[in-house]
Amino acid sequence: MFNNNILRLHLMLLCCVLVIGKPSPRSNPSPAPWDWQVEQVDYAKYNKYEEEMKKMLEQPYFARVNNKTAVKRGEVAFLPCRVKEMNEGYTVSWMRLSDVTILSVGSLAFSSDQRYGVVHVSRPRIQADDWTLLINTTTTMDSGKYECSVNTMPKISHVVELVVEDPMDIIMQDSPYTDAQYPGPSAMAVISGPATHHVSSGSTIGLECRISHLSTPPTSLYWKKEGKVFTARDRPGISLESEKVPGVSTTRLFISHVTTDDSGQYSCCSDIATPDTVRLVVTRASPGSALTGHNSCSNISSTHGLPAL
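A brief look at the structure comes next. No experiment lies behind these values; they were computed from the predicted model shown.

**Notes on the sheet that holds strand β6 (residues 101-105)**
Working step 1: The 6 strands are arranged β2-β11-β10-β5-β6-β7 in an open sheet whose pairing can be described as mixed. Pairing within the sheet leaves two strands with one partner each, and these edge strands are β2 (68-72) and β7 (108-109).
Working step 2: The pairing of β2 with strand β11 (residues 156-165) spans 5 bridges and is parallel. In the sheet register, A70 faces β11, and the bridge partner there is V163.

The structure is reproduced here in structure tokens:
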């Protein structure tokens, strides 16, 4: 009898331990039916991911431009780079890939070689920015690949190949059948208006240059003042417009609030046409009438131009 009572006592103690020691749910001591299927959604985390995806979609990207430029030795090389959706916080850089040399960051040239420069032109109508690398007085050593990049995450880049041809290399080539000759450009640049234009100080003037009868558009189309490439970096207040297409290519130069310092020879130059030159004379007298033009980058001998504005 005594042993049976002890056995019953042990069984009761064991049942108490089993009931009291049963583990309760970790998150909810009194869970509702199927509550374990309900998951708490962290909307803040998903909103963060959505914002990051939007930023990636709004990152800058390159518009399609020529990725190969060919010039003759001594000419100015224009290496194009057009970036769309260029928002604040992004910077465009140019690098020479042959020796991994940084040439520019933004509009600032990093190279000690004064031949290098960058021209930045904003094009709000197409939500784009042009960051063109200029190389003056090119040599055959400048041939190679150049990289235009934007500091996105990850970095995006656009490579332009430059080919600098030496006319002497063509002349020196021997042929058992024909004598090698270097053909000069057949097209001619023509600046509208007279060869010399007189305009009063403070006026706004414009020059228009056309190259006609082109089967292919020119690679480069630019202006020079007194034999040097003329850009907005040299003279604030100027505006440049170019349209390089087959048939007739056009470039326009506008100079606002002219002073006597703006007097000089202005030349329209290209890689496929004979250049044309006009002379601008700024005086303090009454406003002049037309504008100027002629040919070659150093001599004046024909008439062309555009009226003062």
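On we go.
**Quick notes on the layout of surface pockets**
The gaps of empty space that remain are located by a probe, the size of a water molecule, rolled over the atoms.
Working step 1: In this structure, the largest pocket encloses a volume near 1100 Å³.
Working step 2: Taken together, 35 residues make up the lining of the largest pocket; nearest its centre are R82, R123, D130, S242 and K244.
Working step 3: Counting only elements with at least two residues in the lining of the largest pocket, the list comes to β8 (116-123), β9 (128-135), β15 (221-225) and β17 (238-243).
Working step 4: Considering each element in turn, the lining of the largest pocket owes the most residues, 6 residues, to β17.
Working step 5: Of the residues that constitute the lining of the largest pocket, the class distribution is 17 nonpolar, 11 polar and 7 charged.
Working step 6: Taken as a whole, the second largest pocket holds about 390 Å³ of empty space.
Working step 7: Lining the second largest pocket are 21 residues, with Q114, R115, Y116, N136 and D234 positioned closest to its centre.
Working step 8: Looking at the lining of the second largest pocket, the elements that each hand over two or more residues are β8 and β16 (228-229).
Working step 9: Among the elements that make up the lining of the second largest pocket, the one with the highest residue count is β8 (4 residues).
Working step 10: For the lining of the second largest pocket, the per-class residue count stands at 7 nonpolar, 8 polar and 6 charged.

**What to know about the environment of M188**
Working step 1: By the secondary structure assignment, M188 is in strand β12 (residues 187-191).
Working step 2: Residue class for M188 comes out partly exposed when judged on its relative accessible area of 44%.
Working step 3: For M188 and I211, which are 23 residues apart along the polypeptide, the C-alpha to C-alpha distance reads 6.0 Å.

**Examining the state of the cysteines**
Working step 1: Taken as a whole and judged by the stated rule, the model has 2 disulfides.
Working step 2: For C81, the disulfide goes to C148, at an S-S distance of 2.0 Å. Where C81 bonds to C148 through sulfur, the torsion about that S-S bond is close to -65°, and the disulfide is left-handed. With C81 in the loop between β3 (77-79) and β4 (82-84) and C148 in strand β10 (residues 144-150), this residue pair connects regions lying 67 residues apart in the sequence. Accessibility assignment for this pair places C81 and C148 in one class, buried.
Working step 3: Between the sulfur atoms of C209 and its disulfide partner C268 the distance amounts to 2.0 Å. Taking the sign of the S-S torsion, about -80° here, the bridge from C209 to C268 comes out left-handed. One end of the pair, C209, is in strand β14 (residues 205-214); the other, C268, is in strand β19 (residues 264-270), with 59 residues separating them in the sequence. In this pair, the class of C209 matches that of C268, namely buried.

The rules behind each value
Residues numbered from 1 in each chain as written. Predicted model: local features only at pLDDT ≥ 70, side-chain atom pairs only at ≥ 80, totals over all residues. Heavy atoms only, no water. Pairing = 2+ DSSP bridges. Helix = DSSP H or I, 4+ residues; strand = E, 2+ residues; numbered from the N terminus. 1 Å grid on protein atoms, 1.4 Å probe; cavity = no way out; pocket = protein on both sides within 12 Å on 5 of 7 lines; lining within 4 Å. Points joined across faces, edges and corners; volume = space filled by probe spheres on them. Nonpolar A, V, L, I, M, F, W, Y, C, P; charged D, E, K, R; others polar. Buried < 20%, exposed > 50% of the residue type's maximum accessible area, 1.4 Å probe, protein only. Disulfide = S-S within 2.5 Å.

Limitation: the analysis is restricted to geometry and does not speak to function.
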